[in-house]
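Here are the chains, one letter per residue:
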Amino acid sequence: MKNYNITVIEGDGIGPEIVKEAIKAIEAAAAKEGFGLTYDYQLMGGAAYEASGEPLPASTLASAKAADGVLFGAIGGPQWDNLPREKRPESGLLALRKGLDAFANLRPTKVYDALVDASTLKPEVVKGVDLLVVRELTGGIYFGEPKGRDETRGFNTMVYSVEEIERIARVAFEAAMKRRKKLCSIDKANVLDVSQLWRETVDRIAPEYPEVEVSHMYVDNAAMQLVRNPRQFDVMLTGNLFGDILSDEASMISGSIGLLPSSSGGAKGGIFEPIHGSAPDIAGQGIANPLATILSGAMLLRYALGEAKAADRIEAAVETALAQGYRTTDLADFGAKEVCSTQEMGELIANLIAKA
Ligand code: IPM
Ligand code: MG
């Protein structure tokens, strides 16, 4: 039987609760498709800092590098907010992304019919939205040099090389080919030199994908268009900082941040995590929504392991559960026939997969 090695990072806050349910779904799908998985549990973030003084211990990075994929919950919490930046939980995540060269961050936003009312935007605006932010994740202003600060000045550098732009653009074009074949590249080329290079490079790659309709949009306009008419977007290609901001905005179109998964991939493997945070306020109560992590498990199967059928099984089960009115408390006001705990939702999804 084929077997895959997965590094599991539960993280902080609700991380352990939601990851546990995602593994049930992955196991159910693997059983159906006839492959196995071995899990190596590792620490990152606040939990790792408490155990070792480092937010990303060397053993975690080594395990992740050797694995076929990383399933990750969430990190952070108020108790670590005052640590020096390099010790903060977020620094662990940034170092893991960089260490794995996980440059391609895919953040889908999908509005489920059963949940159109959950959005703060009008149902007629959000119904049918299905877009994908492809965010460059290991470059740009997050990592650019020079950077620094003293008492009176602080600075960072937004820098991209042609190679970095080309490789993320190709990921976005490939994604568009599998979707509705529309790509909108986001930049600030009216002001920034780095954005001019970005735009030129995307245009130079475009003829390799003649079926894809390419457009360019300034980031400020894109922020506006996302709430004005989000259905116009299929794939949005962005640099690191613009994608950080726009993907948070896009996530709220669906109204249910507890449903959105993400993947951060490179040449091999990748990190698969819900886009929401560690929600320390509800940690340990058994009420967190595990669906974003379960769907991240589906992305892991699809993108890191190439097990598309198993991924389809998980996604179909989530759709069924929502259509049947099963909701965790975060979505209890939106068409709930039955409100379930984190664990009940996880078991429901695993059962739906097993019975399908
Ligand atoms: C995200 C987060 C991270 C980022 C933080 C936690 C470093 O906001 O994954 O979008 O800025 O990339
Ligand atoms: Mg963010």
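The coordinates are above.
This section reports on the structure supplied with the text.

About the cut-offs
- Residues numbered from 1 in each chain as written.
- Chains lettered and ligands numbered in written order.
- Predicted model: local features only at pLDDT ≥ 70, side-chain atom pairs only at ≥ 80, totals over all residues.
- Heavy atoms only, no water.
- Helix = DSSP H or I, 4+ residues; strand = E, 2+ residues; numbered from the N terminus.
- Expected span 1.5 Å × (residues − 1).
- Buried < 20%, exposed > 50% of the residue type's maximum accessible area, 1.4 Å probe, protein only.
- Arc of directions from axis to C-beta.
- Phe/Tyr/Trp six-rings, centres within 6.5 Å; stacked < 30°, edge-to-face > 60°.
- Lys NZ or Arg CZ within 6 Å of the ring centre and 35° of its normal.
- Pairing = 2+ DSSP bridges.
- Near = heavy atom within 4 Å.
- Polar contact = N/O pair within 3.5 Å; in protein donor to acceptor, adjacent residues only side chain to side chain.
- Areas by Shrake-Rupley, 256 points an atom, 1.4 Å probe, with all protein chains shown as cover.
- Nonpolar A, V, L, I, M, F, W, Y, C, P; charged D, E, K, R; others polar.
- Salt bridge = Lys/Arg side-chain N within 4 Å of Asp/Glu carboxyl O.
- 1 Å grid on protein atoms, 1.4 Å probe; cavity = no way out; pocket = protein on both sides within 12 Å on 5 of 7 lines; lining within 4 Å.
- Points joined across faces, edges and corners; volume = space filled by probe spheres on them.
- Contact = heavy atoms within 4.5 Å.
- Core = buried A, V, L, I, M, F, W, Y, C linked by side-chain atoms within 4.5 Å.
- Domains from an automatic or database assignment.

Looking at helix 7 (residues 193–205)
Counted at 1.5 Å a residue, the expected span for helix 7 with its 13 residues is 18 Å, and the 19 Å between its end C-alpha atoms agrees. Within helix 7, burial applies to Val194, Ser195, Trp198, Thr201, Val202 and Ile205. Each buried residue of helix 7 sits inside an arc of 125° when the element is viewed along its axis, so together they form one side. Turned more than 90 degrees off the buried face of helix 7, the exposed positions are Asp193 and Glu200.

Focus: the packing of aromatic side chains
The geometry of an aromatic ring pair comes down to the distance between the two centres and the angle between the two planes. Taken as a whole and assessed by the stated rule, the structure comprises three aromatic pairs. Here the basic side chain of Lys98 rests over the ring of Phe143, its NZ or CZ set 4.6 Å away from the ring centre. A cation sits over an aromatic face here: Arg167 above Phe103, 3.9 Å from the ring centre.

Focus: the pairing of strand 5 (residues 130–136)
Strand 5 sits mainly inside the fold: six of its seven residues count as buried. Bridging between strand 4 (residues 104–110) and strand 5 involves seven bridges; their strand directions are antiparallel. Bridged to Arg107 within strand 5 is Val133. For strand 5 and strand 10 (residues 235–238), the ladder comprises four bridges, and the chain directions are parallel. Looking across to strand 10, one finds that Val133 is bridged to Met236.

Considering the site of ligand 1
Around ligand 1 sit Glu90, Leu94, Arg97, Arg107, Arg135, Tyr142 and Asp244, and those are all the residues in its vicinity. Here an oxygen atom of ligand 1 sits 2.7 Å away from a polar atom, N or O, in the side chain of Arg97. At a separation of 2.9 Å, an oxygen atom of ligand 1 approaches a polar side-chain atom of Asp244. Burial of ligand 1 by the protein chains amounts to 72% of its free accessible area of 320 Å². No other element matches the three residues that helix 4 (residues 89–99) contributes to the shell around ligand 1. Each residue belonging to the shell around ligand 1 can be placed in one class, and the counts come to two nonpolar, no polar and five charged.

Description of the pattern of salt bridges
For the structure shown, the criterion picks out 22 salt bridges. The closest approach of N and O atoms between Arg313 and Glu33, which form a salt bridge, is 2.6 Å. With Arg313 in helix 11 (residues 308–323) and Glu33 in helix 1 (residues 15–33), this residue pair connects regions lying 280 residues apart in the sequence. Of the residues examined, Glu33 reaches a relative accessible area of 25% and is grouped as partly exposed. Three or more residues joined by partner-sharing salt bridges are found here, namely Asp130, Arg179, Arg180 and Asp234.

A look at unusual backbone geometry
The linkage connecting Glu145 with the following residue, Pro146, adopts the cis geometry, with an omega of 0°. Secondary-structure assignment places Pro146 in the loop between strand 5 and strand 6 (148–149). One non-glycine residue with positive phi stands out, namely Lys181, at about 65°. Following the sequence through the fold, Lys181 ends up in the loop between helix 6 (162–177) and strand 8 (182–187). In the Ramachandran plot, Ala279 falls in the positive-phi region, its phi being about 40° despite a non-glycine side chain. Within the secondary structure, Ala279 is located in the loop between strand 12 (271–274) and helix 10 (291–304).

What to know about empty space enclosed by the protein
A probe matching the size of a water molecule, rolled over the atoms, marks out where space remains unfilled. For the structure shown, the criterion picks out two cavities of 30 Å³ or more. Surrounding the largest cavity, 13 residues form its lining, Met158, Tyr160, Trp198, Gly239 and Phe242 being those nearest its centre. Secondary structure elements with two or more residues in the lining of the largest cavity: strand 8, helix 7 and helix 9 (240–253). Grouping the constituent residues of the lining of the largest cavity by class yields eight nonpolar, four polar and one charged. For the second largest cavity, the calculated volume is near 30 Å³. Forming the boundary of the second largest cavity are Arg107, Pro108, Thr109, Ser247, Ser251, Leu260 and Ile275.

Some details on the side chain of Ser256
Along the chain, Ser256 falls in the loop between helix 9 and strand 11 (261–265). Not counting chain neighbours up to four residues away, the residues in contact with Ser256 comprise Leu115, Ser251 and Leu331.

With respect to the nonpolar core
Counting 65 residues, the largest nonpolar core has Phe173, Leu237, Leu301, Ile314 and Ile349 as the members making the most contacts within it. Examining the composition of this core, we find that eight residues originate from one element, helix 1, more than from any other. Inspection of this core shows a minimum of three residues originating in each of domain 1 (1–101 + 257–356) and domain 2 (120–254). Residues within four places of Ile314 in sequence aside, it is in contact with Ala25, Ile26, Ala29, Ile294, Gly297, Ala298, Leu301 and Ile353. Judged by nonpolar contacts, the second largest core, of 18 residues, contains Val111, Val133, Ala222 and Ala250.

Focus on the pairing of strand 10
Residues of strand 10 alternate between two faces, with Val235 and Leu237 on one and Met236 and Thr238 on the opposite face, all of them buried. For strand 8 and strand 10, the ladder comprises three bridges, and the chain directions are parallel. Across the sheet, residue Cys184 finds its bridge partner in strand 10, namely Met236.

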